[in-house]
Amino acid sequence: MRITSNWRALLIPVLSLALAGCMAGVFSSNAGIPATVIHAGVHSGGSALAFNPDETLLASGGWAGRLHLWSLPRGTRRASWQAHAGSINGLAFLRDGAMLVSAGYDGRILVWDLQAGSHRAWHTESPVTSLAVDAARGLLASGHDDGRVTLWRIRDGRSLEREGQRRLHSRRVRGLAWHPVRLELATSGSDGRVMLWRLPGDVVELPPPSTYSRSLAYSRDGRALFGSGWFRLFRWQLEGRTLRELPTAHRGIINSIGFGGEDRYLASISRQTDSAVYFLDPETGAVIKRFQRHELCGGFVAVSPYGRYLATTSDDASVRIWDLRQAPQSAGGRGD
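Conventions used here
Residues numbered from 1 in each chain as written. Predicted model: local features only at pLDDT ≥ 70, side-chain atom pairs only at ≥ 80, totals over all residues. Heavy atoms only, no water. Salt bridge = Lys/Arg side-chain N within 4 Å of Asp/Glu carboxyl O. Helix = DSSP H or I, 4+ residues; strand = E, 2+ residues; numbered from the N terminus. Buried < 20%, exposed > 50% of the residue type's maximum accessible area, 1.4 Å probe, protein only. Polar contact = N/O pair within 3.5 Å; in protein donor to acceptor, adjacent residues only side chain to side chain. Contact = heavy atoms within 4.5 Å. Pairing = 2+ DSSP bridges. Axes fitted to C-alpha atoms, helices over the stretch in contact; angles between N-to-C directions.

(A) The pattern of salt bridges, seen in detail. Under the definition given, this model contains 18 salt bridges. A salt bridge links Arg 148 to Glu 125, with the nearest nitrogen and oxygen atoms 2.8 Å apart. Within this pair, whereas Arg 148 is found in strand S12 (residues 148-153), its partner Glu 125 is found in the loop between strand S9 (118-123) and strand S10 (128-134), the two being separated by 23 residues in sequence. Note that Glu 295 is salt-bridged to Arg 320, the shortest N-O span being 2.5 Å. Placement of the pair is Glu 295 in the loop between strand S26 (287-291) and strand S27 (298-303) and Arg 320 in strand S29 (residues 319-323), with a sequence separation of 25 residues. Judged by its relative accessible area of 34%, Glu 295 falls in the partly exposed class. The class for Arg 320 is buried, based on a relative accessible area of 3%. Overlapping salt bridges, with partners in common, bring together Glu 125, Asp 146, Arg 148 and Arg 167 in one network.

Okay, structure coming up:
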């Protein structure tokens, strides 16, 4: 396609603004706890992370569909596969840790046997943009670019009968989270809606946040649902369905959140003019601890099941791992 001079005049400022936004981390303060391990240049851009149940493995995925396994605590690479033809948009270990699920924008969902290095695959009708696994029940939920959410049985890759698929959003599905006790799935979309799908039937809509929620996480007791948007955390108290928005020290959209420390904190990472990595107080949004920010926009954050490790990835192509038992205990308090 030929770009005319008029279009070029319009595109250059837009691209410059986007690049400046993602480069903001380069020029801002890099104060914070340094990573224990940094793997540079392992993804063209990082998009997904997951720890196995016993905290001995970290899986990372990126824009080009490459999947890496890292052995802990040293963070050495154990294996690497070309898993998808597009961005990996979801990773989750199954209950025993011997199997890993990956989902990609190519519309495929893969279940990996990590010992054999093999996988089985099934195809969906639309690019996968988010993933959530209920390992105890053997269920998987995939969110899609066209706003649909599909439920699958992991053992055979079949969608659930009857109401196994719903178009819950008019635009891309952004966040998915399983309720820790009830058979309930929370979803958020680029349309700004946040829904609770109470399987197998009712769907309840929660009060809409001020900006769409990029990610979702239930508290361990299941009483609250958290989301993330521009600068703020969203906290829905599910009894009464009330919404409270919590300001944070983030200066861009909070791209990913995850609970750690038995729900004492929410790990968070942001993008678009910011690349900060924090532990936030889930009651107030205040910074509990600051970690070294990335050079480019933040991508994904994960905390290991028992809280020993923190991992992040970013547009800067790196995967960073903190062993929190070794990390300095400074860099706490208020954000910069």
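(B) Representation of the side chain of Ser 142. Among the secondary structure elements, Ser 142 is positioned in strand S11 (residues 139-144). Classification of Ser 142 as buried rests on a relative accessible area of 0%. Within polar-contact distance, the side chain of Ser 142 engages the side chain of His 144 at 2.9 Å. Looking at Ser 142, its side chain comes within polar contact range of the side chain of Trp 152, at 2.9 Å. Setting aside anything within four residues of it in sequence, one finds Ser 142 in contact with Ile 109, Val 128, Ser 130, Arg 148, Val 149, Thr 150, Trp 152 and Leu 176.

(C) Spatial organisation of the pairing of S29. Burial analysis of S29 places five of its five residues in the buried class, the great majority of the element. Pairing of strand S28 (residues 309-314) with S29, which is carried by five bridges, proceeds in the antiparallel orientation. Within S29, the residue paired with Leu 310 across the bridge is Trp 322. Here S28 folds back onto S29 in antiparallel fashion, the turn holding four residues, of which Ala 317 has a positive phi close to 80°.

(D) Seen up close, the side chain of Ser 190. Assignment of secondary structure puts Ser 190 in the loop between strand S16 (184-189) and strand S17 (194-198). You can call Ser 190 buried: its relative accessible area is 10%. Those residues in contact with Ser 190, other than ones at most four positions away along the chain, are Arg 171, Arg 172, Arg 174 and Tyr 212.

(E) Up close: the sheet that holds strand S20 (residues 224-228). The four strands lie next to each other as S19-S20-S21-S22, forming an open sheet whose pairing is antiparallel. In this open sheet, the two edge strands, each paired with only one partner strand, are strand S19 (216-218) and strand S22 (242-247). Here the average twist between neighbouring strands, direction ignored, is 20°. Across five bridges, S20 lies against strand S21 (residues 232-237) in antiparallel orientation. By the bridge assignment for S21, Phe 226 is matched with Arg 235.

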